[in-house]
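Chains, contacts and geometry: an overview
Listed here are the chains, written in short residue letters.
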Amino acid sequence: MNKYLDFFLNEPIQINLITFIESLILAGVLSFIIQITYLKFSTSLSNKFDFSKNFIILGLTTTLVITIVKSSLALSLGLVGALSIVRFRAAIKEPEELVYLFICISIGLGLGAGQRLVTLVGFFAVVVILILGNMYGKKSKNQNLHLVLKSKGPSENELEKIVSVLRKYCTVADLKRFDEEKEVFETAFYIEIPDFTALNELKKDLKSIYSIDQISFFDSKGMA
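What comes next is a walk through the structure. Because the structure is predicted, anything quoted here is derived from the model rather than measured. (Residues numbered from 1 in each chain as written. Predicted model: local features only at pLDDT ≥ 70, side-chain atom pairs only at ≥ 80, totals over all residues. Heavy atoms only, no water.)

**Some details on the overall build of the protein**
We apply this condition: Under the scheme used here, helices are H or I runs from DSSP no shorter than 4 residues and strands are E runs no shorter than 2 residues, and both carry numbers assigned from the N terminus. Any two residues having at least one pair of non-hydrogen atoms within 4.5 Å are treated as being in contact. Reported accessibility uses the Shrake-Rupley method at a 1.4 Å probe radius. Residues are deemed covered only where the shown protein chains occlude them.
The secondary structure content of the protein amounts to nine helices and four strands. Listing every helix and strand of the protein by position from the N terminus yields α-α-α-α-α-α-α-β-α-β-β-α-β. For the protein, contacts bridging at least 24 residues in sequence account for 75% of all contacts bridging at least 6. Carbon and sulfur atoms make up 63% of the accessible area of the protein, which totals about 14000 Å².

**Observations concerning the nonpolar core**
Here is the rule: Residues enter a nonpolar core if they are buried and are Ala, Val, Leu, Ile, Met, Phe, Trp, Tyr or Cys, with the set joined through side-chain atoms within 4.5 Å. Only protein chains enter the calculation, and the probe is 1.4 Å; a residue is then buried if its accessible area is under 20% of its type maximum, exposed if over 50%, and partly exposed in between.
In this structure, Leu147, Ile162, Leu166, Ile191, Ile193, Leu202 and Leu206 are the most contacted members of the largest nonpolar core, which totals 16 residues. Going through the elements one at a time, strand S1 (143-152), helix H8 (158-169), strand S3 (184-193) and helix H9 (196-209) are the ones with two or more residues in this core. Sequence-distant contacts of leucine 147, that is, excluding residues within four places in its chain, are made with Leu166, Thr187, Ala188, Phe189, Ile191, Leu206, Ile215, Ser216 and Phe217. If you look at the next biggest cluster of nonpolar residues, it comprises 15 residues, including Ala27, Tyr38, Phe123 and Val127.

**Here's the deal with the packing of helix H2 (residues 17-41) against helix H7 (residues 116-136)**
Stated precisely, the cut-off is as follows: The angle between two axes is taken between their N-to-C directions and runs from 0 to 180 degrees, where each axis is a line fitted to C-alpha atoms and a helix contributes only its stretch in contact. The labels follow the angle: roughly parallel below 35 degrees, roughly antiparallel above 145, roughly perpendicular from 65 to 115, and oblique for the rest. Ten residues, namely Ala, Val, Leu, Ile, Met, Phe, Trp, Tyr, Cys and Pro, are considered nonpolar, four, namely Asp, Glu, Lys and Arg, are considered charged, and the remaining ones, Gly among them, are considered polar.
Packing of H2 against H7 leaves a shortest axis separation of 11 Å and a crossing angle of 5 degrees. One way to sum up the angle between H2 and H7 is to call them roughly parallel. Residues Thr19, Glu22, Ser23, Leu26, Leu30, Ile33, Ile34, Thr37 and Phe41 of H2 pack against Arg116, Leu120, Phe123, Val127, Leu130, Ile131 and Asn134 of H7. For the contact of H2 with H7, the class distribution of residues is 10 nonpolar, four polar and two charged.

**Comments concerning H7**
Owing to its 3.6 residues per turn, the α-helix brings residues three or four apart onto one side. Here is the rule we go by: By this rule, a helix spans an expected 1.5 Å times one less than how many residues it contains. The arc refers to the directions leading from the helix axis to the C-beta atoms.
In a regular helix each residue adds 1.5 Å, so 21 residues correspond to 30 Å; H7 covers 30 Å between its end C-alpha atoms and thus fits that length. Those residues of H7 not exposed but buried are Thr119, Phe123, Val127 and Leu130. All buried residues of H7 lie within an arc of 60 degrees about the axis, which places them on one face of the element. In this structure, H7 carries Leu117, Val118, Val121, Ile129 and Tyr136 as exposed residues pointing more than 90 degrees from its buried face. In the core, the buried residues of H7 are packed alongside H2 and helix H6 (95-112).

**Thoughts on the side chain of aspartate 205**
Threshold: Here a polar contact is recorded for every N or O atom pair within 3.5 Å, except that within protein the pair must consist of a potential hydrogen donor and a potential acceptor, and residues adjacent in sequence are included only if both atoms are side-chain atoms.
For aspartate 205, the position within the fold is in helix H9. Within the local environment of aspartate 205, its side chain forms a polar contact with the side chain of lysine 168, the two groups lying 3.5 Å apart. Contact partners of aspartate 205, with chain neighbours within four places excluded, come to Val165, Lys168 and Tyr169.

Take it as geometry only, folks, not as evidence of what the structure does.
Written as structure tokens, this is what we have:
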């Protein structure tokens, strides 16, 4: 029994340095490709560039951690204990952001575990699906924008009024964020609108029925 315990708790860690460096380089390259894909195709409302800068570090860190702990049961148990103490809190507002983070973590897990071929095949399959989904999933000539409305002292049923106006001019109107406090009312929509004439009419109609302090339109692929 003592021999078995000694084997599991004090087994030597043997890591090939060349293989480890190759895995780090590959993780960095794949994470960078994910960053470029995210910047080009994401419709996230957050600051895409600042958020995507974490992808490469996340991929490299995951590769490093898995490479170290995979050959030692004691280190694996230590990692579980550390993660149960340290709480990681991130302001993830949209599911799309979480998906890209999981892709980077998966890259680090696969390369850290030495499964390069499986990781590469899965990576290219995911990237191809992301690109094809964005190219053909929304095959529309409409203008894609983010609309942000801000006001002070909201009245009743304001959200319903806004949605009714958006449906009048927009082919797509998805609610992305809704914040209502005591003296502040703010909404954010992802919209698709046919042309600039409809955009101008939308702006006039919103102002006529809703006492808005600020109306902001952002290009959905240009917010960085």
